[in-house]
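In case you want the letters, here they are:
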Amino acid sequence: MQQVWGVLAIFILCPLLGGLPLIAWITRTLTGRRLERMGTGNISVSAAFYHGGKLAGILAVLSEALKGIAAVLLARAFFPTQPAWELIALIALVMGRYWVGKGAGTTNVVWGYVVHDWRVALLVFLIGGISFTLLREKELGRFGVLFLFPTITALLHLNDFGRIIAAIALAILIGWIYKKIPDDLDLSPTTGQAGSEKMFRFFRGDKAIVSLDDRLDPQKVGDKAATLSQLKSWGYPVPMGWVVVPGDDPEPVIQALQPSATQPLVVRSSAIGEDSEQAAAAGQYETVLQVTSRSMLRQAIARIQASYDLPNAVEYRRARGQIDAAMAVLIQKQVQGVFSGVAFSRDPITQQGDAVAIEALPGEAQQVVSGRLTPEQYRVAIADVETLDVETLNVTSLQEDGEGDVPLELIKQAALLARKIEDRYHGIPQDIEWSYDGSQLWLLQSRPITTLLPIWTRKIAAEVIPGAIRPLTWSINRPLTCGVWGEIFTIVLGDRSQGLDFNETATLHYSRAYFNASLLGAIFRLMGLPAESLEFLTRGAKFSKPPLSSTLKNVPGLLRLLGRELSLVRDFQQDERQYFRPGLAKLEQRSPQELSTTELLERIEGILSLLKRATYYSILAPLSAALRQAVFRVRDDKIDNSQTPEVAALREIAALAEKARKIAPQLSPERAFEQLEDTAPGREILQQFEQLLDRYGYLSQVGTDIAVPTWKEKPQVVRELFMQMLSVEEGSFRSDRLEMQRGTTRVQQRIDLKGRVTQVYSRLLAELRWCFVRLEEISLQSGQLSQPGDIFFLEFPEVQRVVAEDVEFISQLTQLVEARRSQFDRDSQLNPIPPLIYGNSPPTPVRASHAPLPSLTPHSSLLQGIPASSGQVTGTIVVLHDWQMLPEIDKTTILVVPYTDSGWVAAIARAGGLIAEVGGRLSHGAIVAREYGIPAVMDVRDATHLLRDGQQVRLDGQEGTVEILGSD
């Protein structure tokens, strides 16, 4: 019974004791200040020292120490032979301290551990204290202690498993709390109580001298200094520098340096938030050049610090919603520049293309950025930075545009440096400042080009919705897709997803879908995914292993997502029984022709509700399949896609065409339907064709675009496919179910699920389209719309306004539709479409001097894409922009297409190889190519422009390469 009372006492009294706000009472009694309304709002020992002074701080330490000791003694009284309960009591105390008392409980644990096991406490104090004093790193010291005390506990008590687990749990809990609450030690020591300033400097880890050789935190020293320290650690040529941290005494740095006329220094700002992705703050703060004495250095530091409060700087921060923070000062050896300049890794004016824009002049860098002189303008084309050698700075193959006094070789080196730094920062465009002293090209600064953010990418988006998109399709697809992605991200991120606008993850540019690579990259990093996430989105780069700390931080969320993946089939089966089958059955009971406009809108709302549920599976099923395929290393050609409705339909069309050839060997593709009508077996085939058309009538050439007619509405598309299949070699289409091998079954289950999901999703989209088509027919009859297809140039809320007979809106309807149709037609003619767009207001795509393409010289005769269907083939290029205009094609033909959908199938089946500008291994073209055993390479940028009819190429579908051999 004593142990029962002990458990109750620990789990009731300890949290209450932890939550008792003794520190708040002490500080308010001594100073009249309320800690919960000051600084970080924490009720902590450091807050008491900071806001209450020495006496309040000392009494706070004593009060919290007594709490920790009391908790341990309480547990020992009830469990004298079970020391693990003493640590459980500390856990309960810390939980109450955090939830009720708004503190971390560090002091409680330190003194509680002294009573619990003085040997562990002593060893942790000696090891941790000496390490912190030497390294002077607060974060390292904190988390080092959290590693030390459970480790030493385990070493000293190897047989006490309960105590070890409790110590680990206590360390994890405190570490979690450290990440949750702000720290008063991060406040500037100079604004706290004067008597506590030295203590704060010590426990913050402040060092006497901070240099660019140290690992710097941008939250303490600003992005400018932190970025330069990072670039220096990566081996880039950054001049030596030192940092005066906000609140630190600059005198140790001043005394350590000896500026002179022959070795001058430059003193620059490094404000918190300056040169970040959110704001550049260029020109807002002071820079002092030619500092040649200590007295000048002292004055320059004061001048830089004072510039933080200049009216222009204050207004700049206020206009961008930035809070006032602090000013760090960066001191560097001044480069005596012979030539200097700035380089933009992407052109901020054209906002597209592969050119690096450079402005340069003879002399110091400051005169280039000051605006007092007109710099020389240069552009350097760097099409594929991955192929260039950063170590030797091999710039001989680069093409430049511009002329002046600056050596072109130096311009090329600066361009290459800018693009390499962009790569280092995962594709975020960089504005670098550089200077050449006659022997070395120095990097003076690098910051994101904020006007080129966000970065929008066609990769992946082009695979999902490849062509131009009308407003109605986008108004339906965007909230569905973005909403479901938001739900998936929230599963992993939990509360950290608050404040993220997932609708901003996608947009339309040039009537094409683009994903927000900047936002998605930030979300990926929040989820603990690798730093290469942005390259993956923009360039298809491979993921590396994520940092262990990020993985551990996201373990709970990742486990939740894994649980969703493991239950995916079961969940879909349940939703199929409960929602999809009944919903589709109900839709089949009445034709849209029988419904009123109000009933049509109600039906649309119901379909959208089902589509939202189906979209979840349409996103997770392919992701799950791709993940399992990578884990189990299953080759693409070992996967059967016959459950995908488009593949199933095409197989049936191919089988029917083969059957027709057997009963009528002399069948002419152009007159096939007329000839089959002449015989009984032929009429049976035609009957089977009509049945096939009825089964798959919900399919269309672009399954995700409701503006594209379905097979049911436009059967001529299927008839043409059938006729073209008559020319395909017998047996070339794979029709057998592959034999499953170990590991393949688990992947195949997800591939089959993907096929079932696609069927449900496609049927719902078809029903949705038919509702809108019927609404359009009614609007055409009433004169609200002018011609078929007009409704797809309206957004869904606008369709609702038309149905509601909004007179004011309807009066503007014709003009609105005409303007959007005209814009859509112009966008449809644009070619090529930029794969990446920088910023929210992209200009019209351009080519020539503004966006130079890689020339097809011997140095660039090998194009790289995504391997999609294995095999090698040498053949002749045929470039196709429209699947309905098919030339003569045979097995010596290598097709080059902008994208692939079901309309390209007949051409793919007859060709010897496939090259597509967009798409991946799971795209429609890749799947069909594997079905026919044709080598295929996807995602070859600008393939329809770089390759020409008649060229000879060697295509390797295993490596994803296209080698240009020559032309006719």
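What counts as what
- Residues numbered from 1 in each chain as written.
- Predicted model: local features only at pLDDT ≥ 70, side-chain atom pairs only at ≥ 80, totals over all residues.
- Heavy atoms only, no water.
- Helix = DSSP H or I, 4+ residues; strand = E, 2+ residues; numbered from the N terminus.
- Buried < 20%, exposed > 50% of the residue type's maximum accessible area, 1.4 Å probe, protein only.
- Contact = heavy atoms within 4.5 Å.
- Areas by Shrake-Rupley, 256 points an atom, 1.4 Å probe, with all protein chains shown as cover.
- Pairing = 2+ DSSP bridges.
- Axes fitted to C-alpha atoms, helices over the stretch in contact; angles between N-to-C directions.
- Phe/Tyr/Trp six-rings, centres within 6.5 Å; stacked < 30°, edge-to-face > 60°.
- Lys NZ or Arg CZ within 6 Å of the ring centre and 35° of its normal.
- Parallel < 35°, antiparallel > 145°, perpendicular 65-115°, else oblique.
- Left-handed = near helix turned anticlockwise from the far one by under 90°.
- Core = buried A, V, L, I, M, F, W, Y, C linked by side-chain atoms within 4.5 Å.
- Polar contact = N/O pair within 3.5 Å; in protein donor to acceptor, adjacent residues only side chain to side chain.
- Expected span 1.5 Å × (residues − 1).
- Nonpolar A, V, L, I, M, F, W, Y, C, P; charged D, E, K, R; others polar.
- Patch = residues over 30% accessible without salt bridge, like charges linked within 9 Å, V, L, I, M, F, W, Y side chains within 5 Å.
- Salt bridge = Lys/Arg side-chain N within 4 Å of Asp/Glu carboxyl O.
- pLDDT = per-residue confidence, 0-100.

Student: Describe the overall build of the chain, listing the residues and the values that go with them.
Tutor: Along its length, the chain carries 35 helices and 23 strands. Across the 968 residues that make up the chain, the buried fraction comes to 53%. At a minimum sequence separation of 6, the contacts of the chain that also span at least 24 residues come to 69%. Element-wise, carbon and sulfur atoms account for 55% of the exposed surface of the chain, whose accessible area totals about 44,100 Å².

Student: Any details on the sheet that holds strand β15 (residues 836-838)? Residues and values, ideally.
Tutor: Pairing is antiparallel across the open sheet formed by four strands, whose spatial order is β13-β14-β12-β15. Across the chains shown, the open sheet's two edge strands, defined by having one partner strand only, are β13 (506-509) and β15. On average, adjacent strands in this sheet sit at an angle of 35 degrees to one another, irrespective of strand direction. Pairing of strand β12 (residues 455-457) with β15, which is carried by three bridges, proceeds in the antiparallel orientation. Residue pairing across strands places Trp 456 opposite Ile 837, the latter belonging to β15. Each of β12 and β14 (512-516) touches helix α19 (residues 517-526); the most contacted strand, β14, lies at about 35 degrees to it.

Student: Can you tell me about the pairing of strand β6 (residues 339-344), naming the residues and giving the values?
Tutor: Among the six residues that make up β6, six are buried, leaving the element largely enclosed by the rest of the structure. A two-sided burial pattern is seen for β6, the buried positions comprising Phe 339, Gly 341 and Ala 343 on one face and Ser 340, Val 342 and Phe 344 on the other. Pairing geometry for β6 and strand β7 (residues 355-362), over six bridges, is antiparallel. Residue pairing across strands places Phe 339 opposite Pro 362, the latter belonging to β7. Looking at chain direction, β6 and strand β10 (residues 430-436) are connected through six bridges and run antiparallel. Bridge pairing links Val 342 to Glu 433 in β10.

Student: Please give an account of the sheet that holds β6 that cites residues and values.
Tutor: One open sheet holds the six strands; their spatial order is β9-β8-β7-β6-β10-β11, and the pairing between them is antiparallel. Of all the strands in the sheet, the pair left with one neighbour each is β9 (399-401) and β11 (441-448). Pairwise comparison of adjacent strand axes, ignoring direction, gives a mean angle of 20 degrees for this sheet. Relative to the sheet, helix α16 (residues 408-424) contacts β6, β7, β8 (376-381), β9, β10 and β11, its axis offset from that of β10 by approximately 140 degrees.

Student: Break down the packing of aromatic side chains for me, with residues and values.
Tutor: Inspection of every chain in the model, using the stated rule, returns 18 aromatic pairs. Measuring from centroid to centroid gives 5.3 Å for Phe 673 and Phe 689, while their planes differ by 75 degrees, and the two rings are edge-to-face. Of this pair, Phe 673 sits in helix α26 (residues 672-676) while Phe 689 sits in helix α27 (residues 680-695); the two residues are 16 residues apart in sequence, bridging distant segments of the chain. On the basis of relative accessible area, Phe 673 is assigned to the buried category, the value being 10%. Joined through ring pairs, the aromatic side chains of Trp 485, Phe 489, Phe 502 and Phe 524 make up one cluster. If you follow Arg 458 out to its NZ or CZ, it ends over the ring of Tyr 514, 5.7 Å from the centre. One residue, Arg 719, lies across the ring of Phe 673, its end atom 3.8 Å from the ring centre.

Student: Can you break down the packing of helix α23 (residues 568-589) against helix α24 (residues 597-632) residue by residue, with the values?
Tutor: One way to put it is that α23 packs onto α24 with a least axis distance of 11 Å and a crossing angle of 150 degrees. The orientation of α23 relative to α24 falls into the category roughly antiparallel. Relative to α24, α23 is oriented so that their crossing is left-handed. Contact with α23, carried on its side by Leu 568, Asp 571, Phe 572, Asp 575, Tyr 579, Phe 580, Gly 583, Lys 586 and Leu 587, involves Arg 603, Ile 607, Leu 610, Arg 613, Ala 614, Tyr 616, Tyr 617, Leu 620, Ala 621 and Ser 624 of α24 and no other residues of that element.

Student: Which residues make up the nonpolar core, and what values do they have?
Tutor: Formed by 51 residues in total, the largest nonpolar core has its most connected members in Tyr 696, Trp 711, Phe 722 and Leu 895. Considering each element in turn, this core owes the most residues, eight residues, to helix α25 (residues 645-663). Among residues more than four places away in sequence, those in contact with Phe 722 are Ile 653, Leu 656, Ala 657, Ala 660, Phe 673, Leu 676, Ile 685 and Phe 689. The next biggest cluster of nonpolar side chains, apart from the first, holds 50 residues, and it includes Ala 468, Leu 480, Leu 587 and Val 760.

Student: Requested: an account of α19, with residues and values cited.
Tutor: For α19, the buried fraction is high: seven of the 10 residues fall into the buried class. Those residues of α19 lying buried are Ala 517, Ser 518, Leu 519, Leu 520, Gly 521, Ile 523 and Phe 524. The opening residue of α19, the one whose side-chain oxygen lies 3.2 Å from the backbone nitrogen of Ser 518, is Asn 516. Gly 528, located one to two residues past α19, shows a positive phi value of around 85 degrees.

Student: Give me the lowdown on α16, citing residues and values where you can.
Tutor: A rise of 1.5 Å per residue sets the reference length of α16, with its 17 residues, at 24 Å; its end C-alpha atoms lie 24 Å apart and thus fit the reference within 8%. For α16, the tally of buried residues reaches 13 of 17 residues, placing the bulk of the element in the interior. After α16 finishes, the residue His 426 shows a positive phi value of roughly 60 degrees.

Student: Describe the packing of helix α18 (residues 471-493) against α24, naming the residues involved and giving the relevant values.
Tutor: The N-to-C vectors of α18 and α24 enclose an angle of 55 degrees; their axes lie 9 Å apart at closest approach. By the criterion of interaxial angle, the relationship of α18 to α24 is oblique. When the axes of α18 and α24 are compared, the crossing they make is right-handed. Between α18 and α24, the contacting residues are Ile 476, Leu 480, Thr 481, Val 484, Trp 485, Glu 487 and Ile 488 on the first element and Leu 608, Leu 611, Lys 612, Thr 615, Tyr 616, Ile 619, Leu 620 and Leu 623 on the second. When its residues are assigned to classes, the contact of α18 with α24 shows 11 nonpolar, two polar and two charged.

Student: Hey, could you go over the environment of Leu 519 for me, with residue numbers and the actual values?
Tutor: Structurally, the position occupied by Leu 519 is in helix α19. The class for Leu 519 is buried, based on a relative accessible area of 18%. Once the C-alpha coordinates of Leu 519 and Pro 454 are considered, the two residues, 65 residues apart in sequence, prove to be 7.4 Å apart. When sequence neighbours within four positions are dropped, the list of residues in contact with Leu 519 reads Leu 500, Asp 501, Glu 504 and Thr 505.

Student: Tell me about the pairing of β13, and please be specific about residues and values.
Tutor: Two faces belong to every sheet, and in a regular strand the side chains alternate between them. As defined by bridge partners, β13 adjoins β14 across four bridges and the pair is classed as antiparallel. Across the sheet, Thr 507 pairs through a bridge with Tyr 514, a residue of β14. Linking β13 back to β14 in an antiparallel pair, the connection comprises two residues, with Tyr 510 at a positive phi of about 55 degrees.

Student: I'd love a proper account of the environment of Ser 624, names of residues and values included.
Tutor: Mapped onto the elements of the fold, Ser 624 is located in helix α24. Considering only alpha carbons, one finds Ser 624 and Leu 568, 56 residues apart in sequence, at a separation of 8.8 Å. Excluding residues within four positions of it along the chain, Ser 624 makes contact with Glu 565, Leu 568 and Arg 750. Side-chain polar atoms of Ser 624 contact the side chain of Arg 750, separated by 2.8 Å.

Student: Lay out the side chain of Thr 107 with the relevant residues and their values.
Tutor: Here Thr 107 is to be found in helix α6 (residues 106-116). With residues near it in sequence (within four places) discarded, Thr 107 still touches Val 45, Val 61, Glu 64 and Ala 65.

Student: So what about a nonpolar patch on the surface? Which residues, and what values?
Tutor: The grouping of Val 4, Trp 5, Leu 8, Ile 12, Leu 13 and Leu 16 at the surface amounts to a nonpolar patch, some 610 Å² of accessible area in total. Here Leu 8 shows up in helix α1 (residues 2-19).

Student: Outline the pattern of salt bridges, listing residues and values.
Tutor: Overall, the coordinates contain 34 salt bridges when judged by the stated rule. For Arg 119, the salt bridge identified is with Asp 117, shortest N-O distance 3.6 Å. In this structure, the salt-bridge partner of Glu 674 is Arg 671, at a minimum N-O distance of 3.5 Å. Put simply, Arg 346, Asp 354, Glu 422, Arg 941 and Asp 942 are held in one network by salt bridges that share partners.

Student: Which residues make up the confidence of the model for the chain, and what are the values?
Tutor: In the predicted model, the chain carries a mean pLDDT of 83, and 84% of its residues have values of at least 70. The model gives residues 385-393 a pLDDT under 50, and that stretch makes 17 contacts with residues more than four places away or in other chains. Within the model, pLDDT remains below 50 along residues 848-859, and this stretch shows 21 contacts once partners closer than five positions in the same chain are excluded.

Student: Before we move on, can you summarise unusual backbone geometry with the specific residues and values?
Tutor: In this model, Leu 453 is joined to Pro 454 through a cis peptide bond whose omega is 5 degrees. Take Pro 454: it is sitting in the loop between β11 and β12. In this structure, Gln 290 is a non-glycine residue whose phi angle is positive, near 55 degrees. We classify Gln 290 as partly exposed; its relative accessible area is 35%. For Arg 633, which is not a glycine, the phi torsion comes out positive at approximately 55 degrees. For Arg 633, the location among the structural elements is in the loop between α24 and α25.

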